[in-house]
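Chain by chain, the residues run as shown.
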Amino acid sequence: MSTEVDVKSILIKDGINNNDLDDTNNNIVNTVTLLEKLLKTNKNQSFSKTLVNTENNSCTMICQQPGEGNRKHYHPDWNEWWFILDGEWEFIIDGEKKIIRKNDLVFIPKNTWHKITAIGNKPATRLAVSRYDVAHVYK
């Protein structure tokens, strides 16, 4: 098993090369307008945009193309949750497959193996809520 903590490195290894980790903690962000702008700017490429990064938590918008996602992992010390902004995702949570769609909220407790893959015929976007220093444990 291996453990990773660096967010940018984790995102790149998960296939997301366009990562904006700056310009965070704005008082108000319209996620619909921001997503429309980022989809046009990134033209069929996966991207992430961190919206919040504090000592207590972080929130990152992650958009991936169908077939893309993250590697199977768990967090030993931190619960994680996502809000689906658009598209469809296949979540595998402790070996159980679930199809997650726009406006769904997913909570995964610490020490729970999970893997996320965008499915469907268009990009899928989620808000990942966690913390920047959370350990990701991979097989």
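Residues numbered from 1 in each chain as written. Predicted model: local features only at pLDDT ≥ 70, side-chain atom pairs only at ≥ 80, totals over all residues. Heavy atoms only, no water.

## Some thoughts on the sheet that holds strand β3 (residues 47-53)
Phase 1: Reading across the sheet, the 6 strands line up as β2-β3-β4-β11-β6-β9 and stay open at both edges, with mixed pairing between neighbours. The strands lining the two open edges of the sheet, one partner per strand, are β2 (18-20) and β9 (105-108). Each strand axis lies, on average, 20° off the axis of its neighbour in the sheet, ignoring direction.
Phase 2: Across 7 bridges, strand β4 (residues 58-64) lies against strand β11 (residues 124-130) in antiparallel orientation. Across the sheet, I62 pairs through a bridge with R126, a residue of β11.
Phase 3: The sheet strands contacting helix α2 (residues 31-42) are β2, β3, β4, β6 (80-86) and β11, and the helix crosses β3 at an angle near 145°. (Pairing = 2+ DSSP bridges. Helix = DSSP H or I, 4+ residues; strand = E, 2+ residues; numbered from the N terminus. Axes fitted to C-alpha atoms, helices over the stretch in contact; angles between N-to-C directions. Contact = heavy atoms within 4.5 Å.)

## Description of the side chain of S48
Phase 1: Mapping S48 onto the fold places it in strand β3.
Phase 2: The class for S48 is buried, based on a relative accessible area of 2%.
Phase 3: A polar contact is formed between the side chain of S48 and the side chain of N19, at a distance of 2.6 Å.
Phase 4: Excluding residues that lie within four positions of it along the chain, S48 makes contacts with L11, I16, N18, N19, D20, L21, T60, M61 and I62. (Buried < 20%, exposed > 50% of the residue type's maximum accessible area, 1.4 Å probe, protein only. Polar contact = N/O pair within 3.5 Å; in protein donor to acceptor, adjacent residues only side chain to side chain.)

## Some thoughts on a nonpolar patch on the surface
Phase 1: On the surface, a cluster of nonpolar side chains totalling about 320 Å² of accessible area is made up of W81, L105 and F107.
Phase 2: Tracing the sequence through the fold places F107 in strand β9.
Phase 3: F107 gets classed as partly exposed once you look at its relative accessible area, which sits at 48%. (Patch = residues over 30% accessible without salt bridge, like charges linked within 9 Å, V, L, I, M, F, W, Y side chains within 5 Å. Areas by Shrake-Rupley, 256 points an atom, 1.4 Å probe, with all protein chains shown as cover. Salt bridge = Lys/Arg side-chain N within 4 Å of Asp/Glu carboxyl O.)

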